[in-house]
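# Descriptive structure summary
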Amino acid sequence: MKLLRIFWRRLSTPSKAAAGALLAMGFVGGILFWGAFNTGMEATNSEAFCSSCHAPIVLEIRETIHYANRSGVRAICSDCHVPHEWTDKIVRKVQASKELVAWAMGTIDTVEKFEARRGHLAEREWKRMKLNNSQECRNCHDFDYMDFSVQGQRSVAQHSTALASGEKTCIDCHKGIAHRLPDMKGVEGWQ
Amino acid sequence: MRTVTILILLAAGLLPATAQAQDAGTAKIANVNSGGQASLRGLTELDETRPADAFKQIPKDRSPYASAYVYQPPLIPHQIRHYELSTNANKCLSCHSFKNSRESGATKISVTHYATREGQVLSDVSPRRYFCLQCHVPQADAKPLVANDFTPVDSLQ
């Protein structure tokens, strides 16, 4: 208690150091803080962190083209599920505090519970991607630079029409590109 | 004199045995069936591991294949990597169903897929035809294992 009082007094008393020195120290302190904050936040983007709760889903991506492919260019969890733009990223991270509650309550801590909730979780992500025009896909797959002369016939037919006109976005057709699908009964635009 | 003779005889008796032991370890005896497996993949011996064949390439997307016989389940002319076919989702039908084929330009599944074994017609794909890959396969660039001179009937050529 006394320590707190001493500390508080220290903080609220004017300093004897020069203003410039204080500003410089504050500046350096700010840089250090930002670095630490960012490092911590990026740590929550790693595959290991995500799979601490979502392990079944992280296992499923291993059969897909985003995990291992001819060129070795790949995507991990955060590349698709965390926006790249800083403002959108912070918004998503704040929303993710809801997931801490789910972790504490053990909402998907068994395989059965996860399978029961898989449809709901998938719908959330599809809706998010539809609303932001599949921005996470477009972070790597830039439509303007798609070379239709090397794509297969079906891809050319679909991409040059529905995708080009903006009528459809990536996630409309490429559901299940990275993970197994939930029960697709009643999902519009599927069958 | 007697001990020397005995010793010489013993040595003579042992020498062939040592020679044989060496031979069995190093010599490869040809034309003897040492347990090798002769199959369509070639001749492999039990104690060898032959190099693996290269993976077969499936063409990414090409024009449909001609049928070889009547009622043949048509071959899949495109790759189907990670297309989910489970009780949860049937990716094939998302292009090939009656509803979606108009939009996707894909071949519709035939009406035979809507009938049960007894011939009763259902309102949607019959469960016995739901798992496409039981009959339909993609075609890789594999050479026939056994030479044959099969030709389709005139009406299909």
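Residues numbered from 1 in each chain as written. Chains lettered and ligands numbered in written order. Predicted model: local features only at pLDDT ≥ 70, side-chain atom pairs only at ≥ 80, totals over all residues.

Helix and strand content of chain B: three helices and two strands. Reading the helices (α) and strands (β) of chain B from amino to carboxyl end gives α-β-β-α-α. Counting every position in chain B, which comprises 157 residues, the buried fraction comes to 6%. Considering only contacts within chain B whose residues lie at least 6 apart along the sequence, 38% involve residues at least 24 apart. (Helix = DSSP H or I, 4+ residues; strand = E, 2+ residues; numbered from the N terminus. Buried ≥ 20, exposed ≤ 12 C-beta atoms within 10 Å, placed from the backbone. Contact = placed C-beta atoms within 7 Å.)

Moving on: the overall build of chain A. Looking only at helices and strands, chain A has 10 helices and zero strands in total. Secondary structure elements of chain A, listed N to C terminal, follow the sequence α-α-α-α-α-α-α-α-α-α. Here chain A has a C-alpha radius of gyration of 23 Å; the compact-globule value for 191 residues is 16 Å, and the former is much larger. If one aligns the C-alpha atoms of chain A with their principal axes, the spans along those axes are about 75 × 40 × 30 Å. By sequence separation, contacts in chain A at least 24 residues apart represent 55% of the contacts at least 6 residues apart. (Rg over C-alpha atoms; globule rule 2.2 N^0.38 Å.)

The first and last C-alpha atoms of helix α3 (residues 47-60) of chain A sit only 13 Å apart over 14 residues, clearly below the 20 Å expected at 1.5 Å per residue. The largest bend in α3(A) is about 120°, located at His54(A), with the proline Pro56(A) one to four residues further on. (Expected span 1.5 Å × (residues − 1). Bend = angle between axes of the 7 residues up to and from the residue.)

Let us now look at unusual backbone geometry. Note: most peptide bonds trans; most residues except glycine with negative phi. Positive phi, normally seen in glycine, also occurs at Ser134(A), with a value near 50°. Looking at the secondary structure, you find Ser134(A) in the loop between α7 (111-131) and α8 (135-138). Taking the number of C-beta atoms within 10 Å as the measure of exposure, Ser134(A) has 22 and is therefore buried. You will see that His82(B), though not glycine, has its phi angle at about 60°, which is positive.

All names here are of chain B. The pLDDT averaged across chain B works out to 81; a share of 81% of its residues lies at or above 70. This stretch, residues 19-27, has a pLDDT under 50; its non-local contacts, to residues over four places away or in other chains, come to zero contacts. Here the predicted complex scores 0.76 on pTM and 0.78 on ipTM. (pLDDT = per-residue confidence, 0-100.)

Turning our eyes to something else, we now look at the confidence of the model for chain A. Mean pLDDT for chain A: 91, with 100% of residues reaching 70 or above. Within chain A, no element has a lower average pLDDT than helix α9 (residues 153-165) of chain A, which sits at 88, and none a higher one than helix α2 (residues 19-43) of chain A, at 96.

Further remarks concern helix α6 (residues 97-105) of chain A. Of all nine residues in α6(A), zero are buried, a share of ten percent or less. Once α6(A) ends, the next one or two residues include Gly106(A), with phi positive near 70°.

Size of an interface: often given as the accessible area lost when the parts come together. Chain A puts 15 residues into the contact, and the matching count from chain B is 15 residues. Of the residues assigned to the side of chain A that touches chain B, the class counts are six nonpolar, five polar and four charged. (Nonpolar A, V, L, I, M, F, W, Y, C, P; charged D, E, K, R; others polar.)

Turning to the environment of Ala48(A), a few remarks are in order. Residue and element names in this part refer to chain A. Relative to the assigned elements, Ala48 resides in helix α3. Among the residues examined, Ala48 registers 10 C-beta atoms within 10 Å and is labelled exposed. Through-space distance from the C-alpha of Ala48 to that of Cys77 is 9.6 Å; in sequence the pair is 29 residues apart.

Our next topic: the environment of Leu156(B). All names here are of chain B. By the element assignment, Leu156 lies in the segment after α3 (98-104). As for Leu156 and Ile6, which are separated by 150 residues in sequence, their C-alpha atoms are 87 Å apart. Setting aside residues no more than four positions away along its own chain, Leu156 makes contact with Ala66 and Ser67.

In this section: the environment of Ile109(B). Residues and elements named next belong to chain B. In this fold, Ile109 is placed in the segment after α3. The spacing of Ile109 and Lys60 is 49 residues in sequence and 21 Å in space, taken between C-alpha atoms. The residues touching Ile109, leaving out its near neighbours within four places in the chain, are His96 and Ser97.

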